[in-house]
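# Breakdown of the fold
Each chain, letter by letter, is given below.
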Amino acid sequence: MKRTTMAAAAALAGGLTLAAPLAAQEICAVEGDYYDLDAAGVDAFYNCMSDRMVEGYTTEGNEIAAIYRDWTPTATRAAVPGPHGDRFLLTFANDIAAEQYLKFEEGDFEMPVGSVLAKESIAVRDGTGRVGPLFIMTKVDDAPDNDNWLYSAVQPNGKDMKISQSFCSDCHIGFDTQDSMGYPLEEVRLTAN
């Protein structure tokens, strides 16, 4: 409840309206167009949704869902709605991926095998936040049709999401100068030290 109160205070300062908790169910609501949220509003909304994402993703014991929050975040905050169904997104990079990913490089390079990126997602439907899938990209050495990426996802209930490798790859190939990876918005990117 303390996190909800802090999020609500930050939200009001940032122009975001959060609904008050109803019994055991906390509601994370956005009033107006969520594209208009400022940084404080996005932070408050993310903070309201944060624990429920981890709780949902880990329900069925997915290995990556259990550890991705210990990885390097790649942005200062979740991005305003973006790809993956017009959702708020925040990407985490494992130790193998972090140094290269945080260069946000374009050109002829390849992420090291064993790199894993986990992208949280939050949807807004009818003004209410809803946990979206945890999207996962794993760099392998035996998937040439997908630029050597293996795509997977964890549903908000923790179950593995059935995913078409070609569907994901067909979109990610648009980032061919970035080894098929999308990057956070420039204004929120973190960089390697």
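Look up a bit, the structure's there.
Attention in this report is confined to the structure presented alongside it.

About the cut-offs
- Residues numbered from 1 in each chain as written.
- Predicted model: local features only at pLDDT ≥ 70, side-chain atom pairs only at ≥ 80, totals over all residues.
- Heavy atoms only, no water.
- Core = buried A, V, L, I, M, F, W, Y, C linked by side-chain atoms within 4.5 Å.
- Buried < 20%, exposed > 50% of the residue type's maximum accessible area, 1.4 Å probe, protein only.
- Helix = DSSP H or I, 4+ residues; strand = E, 2+ residues; numbered from the N terminus.
- Expected span 1.5 Å × (residues − 1).
- Phe/Tyr/Trp six-rings, centres within 6.5 Å; stacked < 30°, edge-to-face > 60°.
- Lys NZ or Arg CZ within 6 Å of the ring centre and 35° of its normal.
- Contact = heavy atoms within 4.5 Å.
- Disulfide = S-S within 2.5 Å.

### Regarding the nonpolar core
Formed by 28 residues in total, the largest nonpolar core has its most connected members in Phe 45, Tyr 68, Phe 88 and Leu 134. Those elements giving two or more residues to this core turn out to be helix H2 (39-57), helix H3 (63-67), strand E2 (88-93), strand E3 (116-125) and strand E5 (134-139). With 7 residues, H2 is the single largest residue contributor to this core. By size, the runner-up hydrophobic cluster in this structure holds 15 residues, among which are Ala 93, Ala 97, Tyr 101 and Leu 117.

### Notes on H2
With 19 residues, H2 should reach 27 Å at 1.5 Å per residue; the first-to-last C-alpha distance of 25 Å fits that figure. Turning to H2, its buried residues are Gly 41, Val 42, Ala 44, Phe 45, Tyr 46, Cys 48, Met 49, Ser 50, Met 53, Gly 56 and Tyr 57.

### Considerations on the packing of aromatic side chains
Scanning the entire structure with this criterion turns up 8 aromatic pairs. With 5.4 Å between their ring centres and 15° between their planes, Tyr 34 and Tyr 35 make a pair best called stacked. For Tyr 34, a relative accessible area of 15% gives the class buried. Judged by its relative accessible area of 42%, Tyr 35 falls in the partly exposed class. Through successive ring pairs, a cluster of aromatic residues spans Tyr 34, Tyr 35, Phe 45 and Phe 88. Over the ring of Phe 104 we find Arg 189; its NZ or CZ atom is 5.0 Å from the centre of that ring.

### Focus on the side chain of Ser 169
With respect to the element layout, Ser 169 can be found in helix H6 (residues 165-172). Residue classification places Ser 169 among the buried residues on the basis of a relative accessible area of 6%. In this structure, Ser 169 is in contact with Asp 145, Asn 146 and Tyr 151, ignoring residues within four places of it in sequence.

### So, the state of the cysteines
Taken as a whole and assessed by the stated rule, the structure comprises 1 disulfide. In this model, Cys 28 is linked to Cys 48 through a disulfide, with the two sulfur atoms separated by 1.9 Å. Sign of the S-S torsion, about -85° for the bond between Cys 28 and Cys 48, identifies this disulfide as left-handed. Remark: Cys 48 occurs in helix H2 and Cys 28 occurs in the loop between helix H1 (2-14) and H2; sequence separation between them is 20 residues. The residues Cys 28 and Cys 48 share a single accessibility class, namely buried.

All quantities given are derived from atomic positions and should not be read as evidence of function.
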